[in-house]
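# Coordinate inspection notes
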Amino acid sequence: QVQLVESGGGSVQTGGSLRLSCAVSGSIASINAMGWYRQAPGKQRDLVATITWGGSTNYAASVKDRFIISRDNAKNTVYLQMNSLKADDTAVYYCNADIISGSEYYRSDYWGQGTQVTVSS
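Let us look at the structure shown here.

Conventions adopted
Residues numbered from 1 in each chain as written. Predicted model: local features only at pLDDT ≥ 70, side-chain atom pairs only at ≥ 80, totals over all residues. Heavy atoms only, no water. Disulfide = S-S within 2.5 Å. Helix = DSSP H or I, 4+ residues; strand = E, 2+ residues; numbered from the N terminus. Buried < 20%, exposed > 50% of the residue type's maximum accessible area, 1.4 Å probe, protein only. Pairing = 2+ DSSP bridges.

### Observations regarding the state of the cysteines
Evaluated as defined, the whole model comprises one disulfide. The disulfide partner of Cys22 is Cys95, and the gap between their sulfur atoms is 2.1 Å. Disulfide Cys22-Cys95: torsion about the S-S bond near -90°, hence left-handed. With Cys22 in strand β3 (residues 18-25) and Cys95 in strand β9 (residues 91-101), the pair connects residues that are 73 residues apart, well separated along the chain. Residue classification places Cys22 among the buried positions, given a relative accessible area of 0%. By relative accessible area, which is 0% here, Cys95 ends up buried.

In structure tokens form, the structure reads like this:
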């Protein structure tokens, strides 16, 4: 029973900021990496940013220098600070985790339900 719960989505104006959070719960042996993806209606799901549990980060070119991904290892939580938001950032944002379970030690990807981010003028 591993679950990812996102929070922090909402509606903001162009140039505003939001901070997304994703908390992992359940029986976990280790987290290898976590990330954020987004999907607009009728479009594919795209990578936004990823972070390993050692702290290495990777960003999509479209968000680099505007978004910051971080994590709190003790809380099994990843964050996405989104600044200078644009209309093109409007999408459902999904949290992803690469996890080894604490009971069976089985490695698998897990996804959150998504949180809506809407940027308007």
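Text resumes after the structure shown.
### Description of the pairing of strand β8 (residues 77-82)
β8 sits mainly inside the fold: five of its six residues count as buried. Pairing geometry for strand β7 (residues 67-72) and β8, over six bridges, is antiparallel. Directly across from Ser70, in β8, lies its bridge partner Tyr79. Between β7 and β8, which pair antiparallel in sequence order, lie four residues; one of them, Asn76, sits at a positive phi of approximately 50°.

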